[in-house]
Structure formats: C-alpha cells, structure tokens
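Residues per chain, in single letters:
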Amino acid sequence: MNLVRFTLHIISVLFFFTICLNVFKYMQIQDNDSINIMDRNDIYGDNSEDCSVSLSPPHTHSLIALASYPGSGNTWTRHLIQQATGIYTGSEFNDHGLYNHGYLGELEDAILGTTLTVKTHSPMSEKFDAAILILRDPHKALAAYYQFKHCSGHRHTCVLNESSFDKRAWEKFIEKESECWANHTESWLNFPKPLLVVKFSDLKQNAMKESQRMADFLGLPISNNGRLQCMEKDLDGKYKRNSTTKNEQAFFTFSHTMEERIHLFTRFVNDLMKQQNITELEREM
C-alpha cells in the first residue's frame, strides 16, 4: 500500500514538473519573439505615430546650417524638419520665446552636435559642414522681415496694421535690404560644401515632398516609419505667419522704383541659380 502511494506521488511530481518545464519553454519563446520584434522596430521603425521630438546625444550630428535671409520661413522649416525626423533643430539666436513654446534645441550649443541643423541668417560661413538654404521671393521675404522688425506682439507671427505702418520707412527698408537679400543669397550659393537649396514657394505647395528632400539630405529618410503621419497631423506648427495678402494689398505696395530695384537683384540671383542648375525664383502670390 505504501509502495502504491509512493509511486503515485512520484508520478504526480513528474507530471507537475513536465507542465512547469513546458510553460517555461513557452515563455522563453514568447520573450525571444518580443526581443526580435523590438530589434526590428529599433532599426526600421514600427510605423506607429510616435510624434515625439528629442535632442540627440552629444556629438551625434555634424554642423549643418539652416540658412536664410530673415523672413524666408526658417522657423516654419525647422518645425517641418523636426516633425519629419523627430530630432530638434538648433539656432544661433538663443530665442527664449521659441524655446518656451517647444523649440527645445534653441538654447543648445551648436558645437555639441545634439541638434540636427542650426538656424542662421548670417552670410555664408565655412565653419559649417553642410547647409540647407531656404530661398524666398524677395517681395515676400522683405515684407515678412519688415513686419518682424516693426510689429508689436509676437514678432514671428504678428501682422502689421495700417496705423503702425510707415510708408517712408518701408521705402528706405527696400532700398537697403533688397541688396542685402541678394548679397546674402549669393554668399550661400557659393558655399563650397554640400548644399541643398529649398524654395519657400515649393514648401508651400508641397511641404511633405520638400521635407522628404531635406530629410534625405540630412541622412534621415522618412519613408519607412511613422513620421509622415506626424507631419500630416501638424504641417503648420505654431510659427507660420498668417497670410498677409490683404495687408500687402493695402500698404505693402512697391513703387516702380522699388520694383526695378528688386527685379535687378532677383535677376542677379536667378542667374547664379541657373549656373548651378537650380530652377529660378518666381513671384510668390
């Protein structure tokens, strides 16, 4: 009788051990599958809509300029790059207003390499390893820059009203800054290192396509992950200035003399662009 009980006990113990072993093996298989999936997602992306943006570890990125004459859409372009890549862009300006509204690369030291590009309005500098140059019709760029300098409120987005517009100051501004626009553009078109030219009119027409061009240039193609959905959800961002068409029709007018001056410098820039097989700037409506 005792032998029977002992035998039954041994059988039950073995049965329990066999069940536990099978469960353990199953859990191992599941864990291994999860690790493999995680590895694949780390490499290729999982097509989820994780639209977070972060700084990179120090010394990740080379020094890449995001260059433009003021008023050409640099801040909006930064938003597009950040949405497309998930990496913050930086700046030479340390604008605390932008930092406080989500541009967390704004105060980073560009030399650290934690940001993907560095906003600059300075003339060409060979301290940069590569550059993206944003070009805009000078009529629109000059009007936007004038508003930035003279508008009360948030200067990146505010629109002048008629009471604060000084026609004589506007004329003097065009006389001086139209040449500055041309000189700035010429300097960057002569940048001797890798350069990508992005026209603001193309960004307005197809922001997704132009953002993909910039991401490809930066070595971070976005066709294989969920960043495209992130862009579609928020193309404009917080700092794309509202349309000023009515304002321009009312008081951002260009006299014959002003038009001649702008045309002269635009033709000069377009000739430089032709030499580099870049399509000409067109009047932005």
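Residues numbered from 1 in each chain as written. Predicted model: local features only at pLDDT ≥ 70, side-chain atom pairs only at ≥ 80, totals over all residues. Heavy atoms only, no water.

**Section: the pattern of salt bridges**
- On inspection of all chains with the given rule, the structure shows eleven salt bridges.
- Ionic pairing is found between Glu177 and Lys176, a salt bridge with its closest N-O pair at 4.0 Å.
- Since its relative accessible area comes to 10%, Glu177 is described here as buried. (Salt bridge = Lys/Arg side-chain N within 4 Å of Asp/Glu carboxyl O. Buried < 20%, exposed > 50% of the residue type's maximum accessible area, 1.4 Å probe, protein only.)

**Examining the side chain of Thr89**
- The residue Thr89 is located in the loop between helix H2 (74–85) and strand E2 (90–91) in this model.
- Of note is the side chain of Thr89, whose polar atom sits 2.9 Å from the side chain of Gln82.
- Each residue touching Thr89, except ones within four places of it in the same chain, is listed here: Arg78, Ile81, Gln82, Gly105, Glu106, Thr115, Leu116 and Thr117. (Helix = DSSP H or I, 4+ residues; strand = E, 2+ residues; numbered from the N terminus. Polar contact = N/O pair within 3.5 Å; in protein donor to acceptor, adjacent residues only side chain to side chain. Contact = heavy atoms within 4.5 Å.)

**Here we look at the sheet that holds strand E1 (residues 64–68)**
- Judged by pairing direction, the sheet is parallel, and its five strands sit side by side in the order E2-E3-E1-E4-E5 without closing on themselves. Every interior strand has two partners, whereas the edge strands, E2 and strand E5 (195–199), have only one.
- Note that E1 and strand E3 (residues 118–120) share three bridges and pair parallel. For Leu66, the partnering residue across the bridge sits in E3 and is Lys119.
- Where H2 meets the sheet, it contacts E1, E2, E3 and strand E4 (130–135), and its direction lies at approximately 140 degrees from that of E1.
- Taken strand by strand, helix H5 (residues 167–189) contacts E1, E3, E4 and E5, and its axis lies near 145 degrees from that of E4. (Pairing = 2+ DSSP bridges. Axes fitted to C-alpha atoms, helices over the stretch in contact; angles between N-to-C directions.)

**Some points on the confidence of the model for the protein**
- The share of residues in the protein with pLDDT of 70 or more is 75%, and the mean pLDDT across the chain is 82.
- A low-confidence stretch, residues 6–11 (pLDDT under 50), is modelled with zero contacts involving residues beyond four sequence positions or located in other chains.
- Within the model, pLDDT remains below 50 along residues 13–48, and this stretch shows ten contacts once partners closer than five positions in the same chain are excluded. (pLDDT = per-residue confidence, 0-100.)

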